[in-house]
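# Examining the three-dimensional arrangement
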Amino acid sequence: MAHMNVPNRDEKTQSMSLANSVLVGLIGEGIGPSRSPFMHETEAAALGIKLIYRLIDLPVLGLDVSSLEVLLHAAELMGFSGVNVTHPCKQAVIPLLDGLSDEARALGAVNTVLFREGKRMGHNTDWFGFAEAFRLRMPGASLERVVQLGAGGAGAAVAYAILKMGAKHIVIVDVDPQRADDVVQKFSALFGADRISGAASAAEALIGATGLINATPIGMAAHPGLPLDSALLRPDLWVAEVVYFPLETALLKAAREIGCRTVDGGGMAVFQAAEAFRLFTGIVPDAARMLANFAAE
Ligand code: NAD
């Protein structure tokens, strides 16, 4: 086979800096329904920026996560400013990067990779997405004792966000106790053992709680239902949801019916995209416009 003269990453980045358009994308599995292309491209158009957001769906290409390094290299060579990554790449991408933001390192998960000056830098904007949405939609909510269901990828980002926002205590419940324990151990070390614990059941965890977060997939179109017995809800609990497809989950509906303050998962999805957009382009997007476009789509 003829030898291919592949430029190194420094040469590639220099040529990219001359470009007047932005090429980004998302690498993951089953990302066909992702709203990221719509969110990024619509906001870029409103700002007068030429931006193309490509979906790089591993199974559609006949690939799996073992192709991630090749795809990152290809994206760099083809002038991408960066890529978002999602399941199953959020941890797998870390050994392929030159550096991590403090938050990505703390979470052990990356959802945004920037290609800059021949280097690949990993960031995590999921936690920021939850924090911004919560600040906007739940002003004054008590963070005295927060119960979180689900300790997977989204759960780790949300627990990190709520602790960064000053939660006095967060209780993690997962049907897989090892997963809950992993998150408790990770954030005890970072935020203090008095601020996070695990519980065996939602009923036990909710005694004296001020708020409830669903970070499980239960409530998604593909996983309908409630992640806990609705009899455990009380009007004095605020309820935050990470599921955003659909926006109105069975949990939010049940919570609203008894008078709880609620926040849906759409804001987290929009603000994680807004922060990734800022990282990719260097331009702060209009998050209010992004929220309105997301709700109207
Ligand atoms: P995951 O599979 O990594 O983790 C889900 C966890 O929930 C697992 O540990 C599982 O054991 C646990 N679980 C399932 N049912 C439970 C129950 N009834 N009670 C307690 N724990 C339970 O999934 P993930 O990647 O963390 O995603 C979770 C959800 O978050 C998905 O619906 C995803 O779409 C959503 N999400 C939303 C955003 C957003 O921007 N709004 C971002 C990321 C993920």
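Quick caveat, the model's predicted, so the values are computed rather than measured. (Residues numbered from 1 in each chain as written. Predicted model: local features only at pLDDT ≥ 70, side-chain atom pairs only at ≥ 80, totals over all residues. Heavy atoms only, no water.)

## A word on the site of the ligand
Just so we agree on the cut-off: Any residue with a heavy atom lying within 4 Å of a molecule or strand is counted as near it. Polar contacts, as used here, are pairs of N or O atoms within 3.5 Å; protein pairs need one atom able to donate a hydrogen and one able to accept it. Residues neighboring in sequence count only if both atoms are side-chain atoms. The accessible surface values rely on the Shrake-Rupley method and a 1.4 Å probe; as for residues, cover is taken only from the protein chains in view. Working definition: helices are DSSP H or I runs of at least four residues, strands are E runs of at least two. Numbering for both runs from the N terminus. The nonpolar class holds Ala, Val, Leu, Ile, Met, Phe, Trp, Tyr, Cys and Pro. Asp, Glu, Lys and Arg form the charged class, and all remaining residues, Gly among them, are polar.
In the region of the ligand, 21 residues are neighbours, and Ala 154, Asp 174, Arg 179, Met 220 and Val 242 sit closest. In the environment of the ligand, an oxygen atom lies 2.8 Å from a nitrogen or oxygen atom belonging to the side chain of Arg 179. Note that an oxygen atom of the ligand is positioned 3.2 Å from one of the backbone N or O atoms of Ala 269. Here the ligand, which alone exposes 870 Å², has 76% of that area covered by the protein. Contributions of two or more residues to the shell around the ligand are made by α6 (153–164) and α10 (266–281). Counting residues per element, the shell around the ligand draws most heavily on α6, at three residues. Residues of the shell around the ligand, tallied by class, amount to 13 nonpolar, six polar and two charged.

## Digging into the side chain of Thr 125
To be explicit about the condition: Exposed residues in this analysis have more than 50% of their type's maximum accessible area, buried residues have under 20%, and partly exposed residues fall in between, with area computed by a 1.4 Å probe over protein chains only. We call two residues in contact whenever any of their non-hydrogen atoms come within 4.5 Å of each other.
Position of Thr 125 relative to the elements: it lies in the loop between β6 (119–123) and α5 (126–137). On the basis of relative accessible area, Thr 125 is assigned to the buried category, the value being 1%. With residues up to four places along the chain from it excluded, the contact list for Thr 125 reads Asn 111, Thr 112, Gln 272, Glu 275, Ala 276 and Leu 279.

## Considerations on the nonpolar core
Most often, soluble globular proteins have nonpolar side chains that are buried together. Test applied: For this analysis, a nonpolar core means a set of buried residues of the types Ala, Val, Leu, Ile, Met, Phe, Trp, Tyr and Cys, connected via side-chain atoms within 4.5 Å.
Residues Phe 130, Phe 134, Ile 162, Ile 172, Phe 187 and Trp 238 are the most contacted members of the largest nonpolar core, which totals 36 residues. In terms of residue count, α6 provides more of this core than any other element does, eight residues in total. Residues within four places of Trp 238 in sequence aside, it is in contact with Phe 134, Met 138, Ala 141, Ser 142, Leu 143, Val 146, Ile 162, Thr 210, Gly 211, Leu 212, Ile 213 and Arg 261.

## Quick notes on the domain arrangement of the chain
Stated precisely, the cut-off is as follows: Domain borders in the structure are assigned automatically or taken from a domain database. The term buried area denotes the loss of accessible surface (1.4 Å probe radius) that occurs when two parts are joined, taken as the sum for both partners. Whenever a carboxyl oxygen of Asp or Glu lies within 4 Å of a side-chain nitrogen of Lys or Arg, that contact is scored as a salt bridge.
In terms of domain boundaries, the chain breaks down into domain 1 (14–123 + 269–296) and domain 2 (127–264). Of note, the centres of domain 1 and domain 2, computed from C-alpha atoms alone, are 26 Å apart. Carbon and sulfur atoms make up 76% of the surface buried where domain 1 meets domain 2, a total of about 1100 Å² over both sides. It is Glu 103, Leu 107 and Phe 271 that lose the most area in domain 1 upon contact with domain 2, and together they represent 49% of the buried surface on that side. Counting across the interface, domain 1 meets domain 2 through one salt bridge. Lys 164 serves as the salt-bridge partner of Glu 103, at 4.0 Å between the closest nitrogen and oxygen. A per-element tally of the side of domain 1 that touches domain 2 places α10 first, with four residues.

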